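If you want the building blocks of each chain, they are given just below.
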Amino acid sequence: MLYCYVPIVFFSLVAWQGLKFYKNYKAAQEIGFPMLASPIDKLNRFWLLTKDFLTPLLRRLPFGLGEFSQRAYMGWNFPDFYKTHARLKSDAFTIVTPGELEVYIADPESAEDILKRAQTDFVKSPALYDILNFLGQNVNTTNGMTWQRHRRITTPPFNERNSAVVWQESLKQTREVLEFWEELGNVRTTTDDSMTLALHVLTAASLGVKYSFRESLTSKPQTTSGYTLTYRDALNTIIRNMGLAILFRMVEKLQIPKAMLPAKMKKMKLALDEFHRYLTQMVKDERVAIATTGNTGLTTDKANLMSVLLRSSDQAKAKANLEATLGEESPTNIAYLSDEEVYGNLFVYNVAGHDTTANTISYAVILLAIYPEWQEWISEEVDKVFSEGVGKDTGQWDYEKSFPKLRKCQAIMFETLRLYSPVVSVPRYTAHSRQTLSVNGKSYDIPPHTNIFVNVAALHTNPGYWGDDALTWRPSRWITKSTSLDEDTVIKAQPPGVFIPWISGPRVCPGKKFAQVEFVAVIAAMMSSWRVGIVREGAETQEQSRIRALQIVQNSKVEFTLKMKKPNGVGLKWIRKSR
Ligand code: HEM
């Protein structure tokens, strides 16, 4: 009997999806942007589980019937760049799906406007961000007053004093990495090692925990009793497989018994559970340390994300409790973080602050090896900045004096982020209200429950702004002559909305300076005494090896953030620069 219901259920589902699609089509027509259609909602769970298998089959369908599948996943904007906008001759277009309506924007002024109105009009969609609530709600996933509370409490550690720690730790890690790479001869682990380097910088600056790069390679990791993984391995397993971690959270809701999970998912579950336990223990230990030493966490060398989160949370909690005991009529609004929220924020800062910077370093290093002329370009600047006094002894390099002068190193970072931005599109949501948006000077009405994507990859490569060589990696486009007598060159300022790897407005990335300081320290230290080249394969010429390496760089895809699919395909050789 049951089999009779199967076709009924199937056709009802199809009809329901068709109805939703039609409703969205009418809404998209009313907005007035050019339209594209997709019969699939990219957040549909069945699609998420099967898309890797189905997409190649769909692409083979005749008459371009499966063409929509190119845009049916998060992050399709790379390597589409500005192409779809150019084809539709519009800085805005709509994709109609049976899920929620999607609008893509590549007009710099509208992009800026959307990002500025992040607190009220264009918020973060719960459907997209709730899944990132690993271990607890956090600054990245919340909206409104809750977000303000998270932001107020979590950002103070990212100050100038912290930048000096980031600078010193980045230089130290780079010295160790380079010694290791010199010994290796043929380095195929640029991305993995950059991840380790960035993780060590982050744990030093945010948790006050220091690791040695060399020891992390040679010594067998010591697991704490009762754990299978070390803290670092648990975090690494999660961060290097964020796509899987997100999928695990979706599958977790289906309550599939652990024994039935595939091996990869079991490993992810173990990493997430143990990372949670480590954080719980670290928070407990930090509380004891604060109580016994009276360390405020704000004015001493021990100021780090963990101590600041706990201290400001605990103080605010104590104040609220006192007000409640005194029977005050309107006790302070909750101004602290619950323990779960502390874990959630520690997790998100670890993920956001590690993977993004590490990948930017690894893209830049491989691009420098492909285009060695830019190595000379930076080296000239580094030699000039450190010509007096400390010279090549990076252990003596001073953050405050040198960082602002290393403009070419900053240009390398900006140019790398322009083409290989970790976040290729920024999703926002109109929630329950209708919003007016001006695009290229004309006003449009955006309906409620619309996902509006600021198309970062398109903005960064619009030939109308960046010129005919928009897709070429050319760091010198960032340097211009200074009008001041004190400096001969400066970084070229861009108009608002044109270059937004860290976005802008109230939700601008709080780790922007952190990432810049780390990147500049690493690249300057590398180029002060070293040169890097591509290791040729077989009978390859130098030119062929560069073309191959560039293909590997361009063969990237978004897995939480943008990454090369096969970074280990490029072998690099590091040699000391002759004095
Ligand atoms: C090259 C390096 C980096 C890039 C390109 C980058 C980019 C971004 C972008 C585009 C966002 C906005 C995402 C959205 O609203 O959906 C963001 C948010 C965030 N980033 Fe970064 N980031 C970098 C490094 C860092 C670092 C080093 C940290 C911390 C140490 C960090 C912590 C965060 C946090 C906590 C948020 C959420 C802020 C909020 O929503 O209020 N990021 N980042």
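Residues numbered from 1 in each chain as written. Predicted model: local features only at pLDDT ≥ 70, side-chain atom pairs only at ≥ 80, totals over all residues. Heavy atoms only, no water.

**Thoughts on the UniProt feature "binding site: heme" (unreviewed entry) in the protein**
Rule in force here: UniProt positions are given in the numbering used here, feature names are shortened, and annotations may be inferred rather than shown by experiment. A run of DSSP states H or I qualifies as a helix once it reaches four residues; a run of E qualifies as a strand once it reaches two. Both are numbered from the N-terminal end. In this scheme, a residue with accessible area under 20% of its type's maximum is buried, one over 50% is exposed, and one in between is partly exposed, where area comes from a 1.4 Å probe on protein chains only. Between two residues, a contact is recorded if the distance between any of their heavy atoms is within 4.5 Å.
The UniProt record marks Cys 509 with the feature "binding site: heme" (unreviewed entry), using the residue numbering of this structure. Topologically, Cys 509 is positioned in the loop between β9 (489-491) and α22 (512-529). Residue Cys 509 is classed as partly exposed on the basis of its relative accessible area, which comes to 30%. Residues within four places of Cys 509 in sequence aside, it is in contact with Trp 502 and Ile 503.

**Some words on empty space enclosed by the protein**
Note the cut-off: Buriedness of a pocket was judged along seven lines, with at least five required to meet protein on both sides within 12 Å; pockets are open sets of points on a 1 Å grid over the protein atoms alone, cavities are sets where a 1.4 Å probe fits but cannot get out, and lining residues have an atom within 4 Å of a point. Grid points are joined across faces, edges and corners, and a volume is the space filled by probe spheres set on the points. When residues are sorted by character, Ala, Val, Leu, Ile, Met, Phe, Trp, Tyr, Cys and Pro go into the nonpolar class, Asp, Glu, Lys and Arg into the charged class, and all the rest, Gly among them, into the polar class.
A complete count under the given rule lists 2 cavities of 30 Å³ or more for this structure. What lines the largest cavity is simply Leu 132, Phe 134, Asn 140, Met 242, Phe 347, Val 348, Val 351 and Phe 560. If one sorts the elements of the lining of the largest cavity by residue count, helix α15 (residues 339-352) sits on top with 3 residues. Partitioned by chemical class, the residues of the lining of the largest cavity number 7 nonpolar, 1 polar and no charged. When its volume is computed, the second largest cavity comes out at roughly 40 Å³.

**Some thoughts on helix α16 (residues 355-370)**
Since the α-helix packs 3.6 residues into each turn, any two residues three or four apart lie on the same face. For clarity, the cut-off: Between the first and last residue of a helix there are one fewer steps than residues, each counted as 1.5 Å, and that sum is the expected span.
With 16 residues, α16 ought to run about 22 Å at 1.5 Å a step, and its terminal C-alpha atoms sit 23 Å apart, in line with that. In terms of residue burial, α16 counts as a mostly covered element, since 15 of its 16 residues are buried.

**A short note on the pairing of strand β2 (residues 92-96)**
Going by this rule: A pair of strands is treated as paired once DSSP finds two or more bridges between them.
The buried fraction of β2 is high, at 5 of 5 residues. The pairing of strand β1 (residues 35-37) with β2 spans 3 bridges and is parallel. Paired with Leu 36 across the strands is Ile 95, a residue of β2. When β2 meets strand β3 (residues 101-105), the two strands line up antiparallel, connected through 4 bridges.

**A look at the site of the ligand**
Our working definition: It suffices for a single heavy atom of a residue to lie within 4 Å of a molecule or strand for the residue to be listed as near it. Polar contacts here mean pairs of N or O atoms no more than 3.5 Å apart (in protein, one a potential hydrogen donor and the other a potential acceptor; neighbouring residues in sequence count only if both atoms are side-chain atoms). Domain limits in this description derive from either an automatic procedure or a database domain assignment.
Around the ligand there are 26 residues in total, and Tyr 129, Trp 147, Arg 151, Arg 428 and Cys 509 lie nearest to it. Contacts to the ligand include Trp 147, whose side-chain N or O atom sits 2.8 Å from an oxygen atom. Take Arg 507: an N or O atom from its side chain is 3.1 Å from an oxygen atom of the ligand. Counting residues per element, the shell around the ligand draws most heavily on α16, at 3 residues. Partitioning the shell around the ligand into residue classes produces 16 nonpolar, 6 polar and 4 charged. Inspection of the shell around the ligand shows a minimum of three residues originating in each of domain 1 (1-136 + 424-472) and domain 3 (355-422 + 473-576).

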